[in-house]
Amino acid sequence: MNNDHVIHVENLRKDFKSHSSRPGLKGAFRDLFNRNYSIISAVKDLSFDVKQGEMVGYIGENGAGKSTSIKMLTGILTPTNGEVMVNGMNPHKEREKFVRSIGVVFGQRSQLWWDIAVQESFKLLKKVYNVSDEDYDRHMNHVIESLDIGPLLDKPVRKLSLGQRMRCELAAALLHNPPLLFLDEPTIGLDVLVKLKIRNFLKEMNEKYKTTILLTTHDLTDIEALCDRVIMLDEGQIIYDGALKKLRSNWGEGKQIEFQFAEQQTKETLSPLLDELDSEWSEGKRKNVWVANVVNDENVISEVIGRVVAAHRITDIKIHEVSTEEIIRNIYEEGVIHGQIH
Amino acid sequence: MKHAAIFFHYISQYMKTRLTYRVDMLMEIMSDLLFQAVNLIFILVVFGHTQLLSGWSRDEIIFIYGFFLVPFAIFGAFFNIWDFNERYIVKGEMDRILTRPVHSLFQIILERMELESLFGMITGLAVMIYAGSRLDLSISWYDPFVFLIMVIGGAFVYAGIFVLLASISFWSDSRTSIIPMMYNIGNYGRYPVDIYNKVIRFILTWILPFAFVGVYPSAYFLGREDWYGYAFLTPVVGFAFFALSVFVWNIGVTKYRGAGN
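Here the structure is a predicted model, which means the values were calculated and not measured.

(A) Layout of the overall build of chain B. The secondary structure content of chain B amounts to 12 helices and two strands. Starting at the N terminus and walking to the C terminus, you meet the elements of chain B as α-α-β-β-α-α-α-α-α-α-α-α-α-α. Compactness check: chain B gives a C-alpha radius of gyration of 19 Å against a globular reference of 18 Å for 261 residues, within 12% of the reference. Burial analysis of chain B (261 residues in total) assigns 35% to the buried set. Here the analysis covers contacts within chain B between residues at least 6 apart in sequence; of these, 79% occur between residues at least 24 apart.

Below, the structure written as C-alpha cells:
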C-alpha cells in the first residue's frame, strides 16, 4: 500500500441480510417459524485510493451504496469483505483511535446538542476529542471567523436556522483539525449564499491544511465548484472514477442547437439535412422547436446551421452546452460509460 | 482519568441545561420529592398489613425494599437505555455516536442520564433508617463501605441486564415488549426470594440475578448469617454481569446495520 494514500479501499463489500415476508395471514404464520432470507449486496467489490489533499465528489442515486460505503470508511459499519485503510488505520477495528483523525458531517443529522448553546457543544466536543486550549484557540478562532458564526455561539442550536446550524456543524466537525473530512449532503436545503460560503470555506481548509475531503451531494454544482475528481456509484459498483473535466470532455463534447421554425416540421422533412454529419434530431419542448444534437466541432455546427437556414425559415436559434447534470443522467441511463471506465 | 473528566463535564453541562429552565427545574424537583414521599407512605401502608412472611418480619421486608431503592435509583439515573432501540437504532443516532472517540455505551450513558432519579436514594435511605431503627440493627465502622460496594454491585446487576437487552437491538431492530416486562421481573428482587418456588429463586439468582439488588445484600445488614455467602457475591455477580453485557454490546456494535436512508 502506498503511504501517501489517505484512503485505500480494495474489494470492499457489504451484504445485508433481509427477510422478505410472505403474503397473507398464512404467510405470516410461516414467517414466524421459517423466514425467507435474501442477501442484498449494498456495496460490491469497491476499490479506489484517495491521495492527501484531494477533494473527491462521491455521487450516485439513492440506494447506489454511497451511504453504506461512507459508513464503512468512517468505522460505523463493519465490512462483510475486503480491505479498508483510512489514515493508516482499519476504521472499525480501531474505531476510537481512528475517529480522532476524521471529521464527519451528516447533513440530515446533528452533531450538536439541541438544548445548549453552540459554544457549550464545542466545549463538550473539545473535551471528547481532548483538544488542548492552545490548539483550540489557534485553529477554532480562524474557523469561527471564516464561517462567520461568532454571533451564533451563545445561542442554543434549536434556535438556529438551517444555514446557521450547518455552518456550526461544519465547525464542530473541524474542531480537532482532522486531516480527512467526510461530508454527506452538507448543503442540502441551503440557500445559495450559504452554499457559497461553505464552498469557499472548504476550499480554504483544503489549501491551508491540505485537508482531504470526500463529499457526497445531490447538488452537482457543489461538485463542479469543489472537486477535481468524481467517483460515481451505481448498484454498489463504481461506474466512473476520474477527473470531472474528463467526464465533461468525453460526454459533454456534444452541443445542442435549438431551432424554432416558422412552419410545422416533422422528422422526415428534417432528417435529410443532417446526412453524413453524425447528428440527430430530437423534438423540443415547445411547438415547432427541434433540437439538433451535434458534436462539438465548428465545421459541423456551421454546416448544420447553414443547411437548416437554407432549407427552412426560422424564428429563433439557440446553442446549448450539455450540463454536467445531463451528462450524469445519460450515464445512469446507459449504465456504463462507453467502456471508458477509469 | 480521561473518562472521569468527560463524565464531570457532561454532568456540569446537564446541570447548566436544567438551570436554564429554572422554573421547570424547581417544579421537577418538587414533584420528584413529592413522588418519593408518596412512595414512602405507600410502602409503609402496604407493608403495615404484612406481619411475617416465611420467617421474615415486617420490618425486615421494609428494610429490603428500602435497600433495593438505592441501587435502583443509581441505575435509573445512569442507564436510561430502555428506549435505546427506538432512539439510537431506528433513528440512526448510533451513527453519530460511532463517529466520536469515546466508547459508545459510555457516550449513551452520558447523553441519557437523568440525575433526578437519584432522589430515589433519599427515600431508600429513609426507609432503611426507619426499618433499621425498629429492628435495632447494630452498625460497625465498615458497614457504610460494605453498603457502598453492595449498592454499586446491585446497580451493576440491573445495568448488566438492561445493557444485554439493549444489545439485542443490534441484531434485530423490531420492537419487543421485553424491556417493560423486565422492569416487572426486577420488582421480584425486592422481596425475600425464599417465598418463591425453587425455579423462580434459581432464575432470580443466576439467570436474571435481580435478587442481588435487594434481598441478598440486605441479608448482610440484617445479620442473616445463612445468607452471607450470597450477600458477598453481590459485587462479583454485579461486575460479572456488567462485564458480560459490555462484551456482548461490543460484538453487537460490529453487527450494527445503520439506519436506512
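(B) Spotlight on the confidence of the model for chain A. This prediction gives chain A a mean pLDDT of 86; 96% of its residues lie at or above 70. Counting interchain partners and residues more than four positions distant, the pLDDT-below-50 stretch residues 337-342 of chain A has nine contacts.

(C) Looking closely at the packing of helix α8 (residues 143-171) of chain B against helix α9 (residues 178-187) of chain B. All names here are of chain B. Where α8 meets α9, the closest approach of the two axes is 11 Å, and the angle between their N-to-C directions is 160 degrees. With respect to α9, the element α8 is oriented roughly antiparallel. Seen from above, α8 lies across α9 with right-handed handedness. Between α8 and α9, the contacting residues are Tyr158, Ile161 and Leu165 on the first element and Ile178, Ile179, Met182 and Gly186 on the second. Residue composition of the contact of α8 with α9, grouped by class: six nonpolar, one polar and no charged.

(D) Fine view of the packing of helix α5 (residues 133-147) of chain A against helix α6 (residues 162-173) of chain A. All names here are of chain A. Running from N to C, α5 and α6 cross one another at 160 degrees; their axes reach a closest spacing of 10 Å. Between α5 and α6, the angle is such that the two are roughly antiparallel. Classified by chirality, the crossing of α6 by α5 is right-handed. Contacts from Val143, Ile144 and Leu147 in α5 reach Arg167, Leu170 and Ala171 in α6. Looking at the contact of α5 with α6 residue by residue, the classes come out as five nonpolar, no polar and one charged.

(E) Structural context of the environment of Gln36(B). Along the chain, Gln36(B) turns up in helix α2 (residues 22-48). The spacing of Gln36(B) and Met128(B) is 92 residues in sequence and 14 Å in space, taken between C-alpha atoms.

Quick notes on the rules
- Residues numbered from 1 in each chain as written.
- Chains lettered and ligands numbered in written order.
- Predicted model: local features only at pLDDT ≥ 70, side-chain atom pairs only at ≥ 80, totals over all residues.
- Helix = DSSP H or I, 4+ residues; strand = E, 2+ residues; numbered from the N terminus.
- Rg over C-alpha atoms; globule rule 2.2 N^0.38 Å.
- Buried ≥ 20, exposed ≤ 12 C-beta atoms within 10 Å, placed from the backbone.
- Contact = placed C-beta atoms within 7 Å.
- pLDDT = per-residue confidence, 0-100.
- Axes fitted to C-alpha atoms, helices over the stretch in contact; angles between N-to-C directions.
- Parallel < 35°, antiparallel > 145°, perpendicular 65-115°, else oblique.
- Left-handed = near helix turned anticlockwise from the far one by under 90°.
- Nonpolar A, V, L, I, M, F, W, Y, C, P; charged D, E, K, R; others polar.

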